[in-house]
Amino acid sequence: MIEEKQLVSALQSNDENEKAFRILISQYKEGLYWHIRKIVIIHEDADDVLQNTFIKVFKNIDRFKGDSKLFTWMYRIATNESLTFLNKNAKQNNISIEKVKDQLISNLESDIYFEGDAIQIQLQKAIATLPHKQQLVFNMKYFENHTYENLSEILETSVGGLKSSYHIAVKKITNFIKTNETF
Amino acid sequence: MKDKKHKEGFDIPNQYFEEFESRLFDRINIELLPKSSGFRVPQGYFNELEKQIIHQVKKPINKTKVISILSRKTILYAATIAALAVLIFSIVNNQNKALTLDEIEFSSIKTYIEEGYIEIDNSDLSLLFTEEDLSAITLEENYISEEILNEYLLENINDSSILIE
């Protein structure tokens, strides 16, 4: 993996930026994709949001001052882009963001890019019942294996706060699954 | 139990024992959950991604130039037709009473903009203010508390570019 500082200065230069951008995409595309996909649920939407995220990163790279890590900054953009996307969707259909998420999850069974079974759908339903921040913490910790230190930077929350958020999330999710067992 | 003899040379992370139960129960509970989310991607999706994104980054430069002239013309025509329609309508139907901006409820205008019927560009918006107006706003900065402002921004601002950095 190329050193982050080197990559940033290459991205901010005029002659090397395209090459550096390709390296950036190849290093972060999968991690960011899965992060976005868990928020927006559908592959096509995740693809759109992911592309927008990288475009935004590319266009705003000169404003990146290195106060945070590059990947933390990109995860923040990806999170914001995903939420903006869901919000727009909710506004267009004149429903709440929670309702949008419910609808997306109830359509999962017929989604060709979802190969989960009943319990995986239940898990998504359980996650959707959590407050937004807890959803992020749970997904990023459970599925994406981020460390609390990384999460703390991305979500701008203390490690202690994140630990208790995760703990509460796990509790709520397992309770939901136990009480809604259909498999 | 005296801790002293255990501590000789060994150390534990901060809060280790305080958090032990919750970590243990999380682990037991989590055994119930599936290990993967069940989402998948089309075959070869990640291999094609760089090409697509680079293409997207380069595209707007060529595209907007062509569209901007066309769309401006279209907007001009549409605006002219709309203005004529409004004019005729107000002459025919409302000869004595023309609707002024003051008579339209503020909330209706807000909804109209929020619904996306009108695009307001930041530079257009800034033209509506003179420097005096802007400095007057700055003078009154204590009028809105930071807390209320933060809350408002979090609830109402969707554009993530503002939140970057």
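Treat the numbers as computed from the prediction; the structure is a model and nothing was measured.

Novice: I tried to follow the packing of aromatic side chains on my own but got confused; where do I start?
Specialist: Here a ring pair, both rings aromatic, is described through the centre-centre distance and the interplanar angle of the planes. Taken as a whole and assessed by the stated rule, the structure comprises 15 aromatic pairs over all chains. Aromatic pair Phe21(A) and Phe58(A): ring centres 4.4 Å apart, planes at 40°, arrangement tilted. Here Phe21(A) is found in helix 2 (residues 17-40), whereas its partner Phe58(A) is found in helix 3 (residues 43-60), with 37 residues between them in sequence. Assessed through its relative accessible area of 1%, Phe21(A) is described here as buried. For the ring pair Tyr142(A) and Phe143(A), a centre distance of 5.0 Å and an interplane angle of 75° mean the geometry is edge-to-face. Taken together through their ring pairs, the aromatic side chains of Tyr33(A), Trp34(A), Tyr45(B) and Phe46(B) make up a single cluster. Sitting over the face of the ring of Tyr148(A), Lys141(A) holds its NZ or CZ atom 4.6 Å from the ring centroid.

Novice: Hey, could you run me through unusual backbone geometry in this one?
Specialist: Note: most residues except glycine have negative phi, and most peptide bonds are trans. Residue and element names in this part refer to chain A. The phi torsion at Ile41 lies on the positive side, around 75°, for a residue other than glycine. In this fold, Ile41 is placed in the loop between helix 2 and helix 3. Of the residues examined, Ile41 reaches a relative accessible area of 0% and is grouped as buried. Despite not being glycine, Glu156 shows a phi value in the positive range, around 50°. Looking at where Glu156 falls in the secondary structure, it is placed in the loop between helix 8 (148-155) and helix 9 (159-179).

Novice: Would you explain helix 2 of chain A in this entry?
Specialist: Side chains three or four residues apart in an α-helix point the same way, a direct result of the helix having 3.6 residues per turn. All names here are of chain A. Relative to the 34 Å expected for 24 residues at 1.5 Å per residue, helix 2 spans just 30 Å between its end C-alpha atoms, considerably shorter than the ideal helical length. The sharpest bend along helix 2 reaches about 50° and sits at Tyr28. At the exit of helix 2 stands Ile41, carrying a positive phi of roughly 75°.

Novice: Before we go on, may I ask you to explain a nonpolar patch on the surface in this structure?
Specialist: Residues and elements named next belong to chain B. Nonpolar side chains collect at one region of the surface, where Ile12, Phe17, Phe20, Leu24, Phe25 and Ile28 lie side by side and expose about 600 Å² of accessible area between them. Checked against the element boundaries, Leu24 lands in helix 2 (residues 16-30). Given the relative accessible area of 39%, Leu24 is considered partly exposed.

Novice: I tried to follow the packing of helix 2 of chain A against helix 7 (residues 132-143) of chain A on my own but got confused; where do I start?
Specialist: Residue and element names in this part refer to chain A. Contact pair helix 2 / helix 7: the axes reach a minimum separation of 11 Å and the direction vectors enclose 135°. When the axis of helix 2 is compared with that of helix 7, the two are oblique. The crossing of helix 2 and helix 7 is right-handed. Along its contact with helix 2, which presents His35, Lys38 and Ile39, the element helix 7 presents Leu136, Asn139, Met140 and Phe143. Class assignment of the residues belonging to the contact of helix 2 with helix 7 gives a composition of four nonpolar, two polar and one charged.

Novice: Mind showing me how you'd approach the layout of surface pockets here?
Specialist: By rolling a water-sized probe across the atoms, one finds the places where empty space is left. The calculated volume of the second largest pocket comes to roughly 420 Å³. Along its surface, the second largest pocket is lined by 16 residues, and Tyr148(A), Lys163(A), Tyr166(A), Arg23(B) and Asp26(B) are the ones closest to its centre. Mapped onto the lining of the second largest pocket, the elements with two or more residues apiece are helix 9 of chain A together with helix 2 of chain B. Across the lining of the second largest pocket, the residue classes break down as five nonpolar, five polar and six charged.

Novice: What exactly am I supposed to notice about the interface of chain B and chain A here?
Specialist: Note: interface size is frequently given as the accessible area lost on complex formation between the parts. The interface of chain B with chain A comprises 34 residues on the first partner and 54 residues on the second. For the pairing of chain B and chain A, the buried interface totals around 4300 Å² over both sides, and the portion due to carbon and sulfur atoms is 62%. Where chain B packs against chain A, one counts three salt bridges. Between Glu115(A) and Arg40(B) there is a salt bridge, with its nearest N and O atoms 3.8 Å apart. The interface formed by chain B and chain A includes 13 residue pairs in polar contact (both at pLDDT 80 or more).

Novice: Even after reading the chapter, I still don't get the nonpolar core, so can you show me in this structure?
Specialist: A general trend in soluble globular proteins is that nonpolar side chains are found buried together. Phe21(A), Leu24(A), Phe54(A), Leu70(A), Phe138(A) and Ile173(A) are the most contacted members of the largest nonpolar core, which has 71 residues in total. In contact with Phe21(A), not counting residues within four places along its chain, are Leu11(A), Phe54(A), Phe58(A), Ile53(B), Ile54(B) and Val57(B).

Rules behind the numbers
- Residues numbered from 1 in each chain as written.
- Chains lettered and ligands numbered in written order.
- Predicted model: local features only at pLDDT ≥ 70, side-chain atom pairs only at ≥ 80, totals over all residues.
- Heavy atoms only, no water.
- Phe/Tyr/Trp six-rings, centres within 6.5 Å; stacked < 30°, edge-to-face > 60°.
- Helix = DSSP H or I, 4+ residues; strand = E, 2+ residues; numbered from the N terminus.
- Buried < 20%, exposed > 50% of the residue type's maximum accessible area, 1.4 Å probe, protein only.
- Lys NZ or Arg CZ within 6 Å of the ring centre and 35° of its normal.
- Expected span 1.5 Å × (residues − 1).
- Bend = angle between axes of the 7 residues up to and from the residue.
- Patch = residues over 30% accessible without salt bridge, like charges linked within 9 Å, V, L, I, M, F, W, Y side chains within 5 Å.
- Areas by Shrake-Rupley, 256 points an atom, 1.4 Å probe, with all protein chains shown as cover.
- Salt bridge = Lys/Arg side-chain N within 4 Å of Asp/Glu carboxyl O.
- Axes fitted to C-alpha atoms, helices over the stretch in contact; angles between N-to-C directions.
- Parallel < 35°, antiparallel > 145°, perpendicular 65-115°, else oblique.
- Left-handed = near helix turned anticlockwise from the far one by under 90°.
- Contact = heavy atoms within 4.5 Å.
- Nonpolar A, V, L, I, M, F, W, Y, C, P; charged D, E, K, R; others polar.
- 1 Å grid on protein atoms, 1.4 Å probe; cavity = no way out; pocket = protein on both sides within 12 Å on 5 of 7 lines; lining within 4 Å.
- Points joined across faces, edges and corners; volume = space filled by probe spheres on them.
- Buried area = accessible area lost by both parts, 1.4 Å probe.
- Polar contact = N/O pair within 3.5 Å; in protein donor to acceptor, adjacent residues only side chain to side chain.
- Core = buried A, V, L, I, M, F, W, Y, C linked by side-chain atoms within 4.5 Å.

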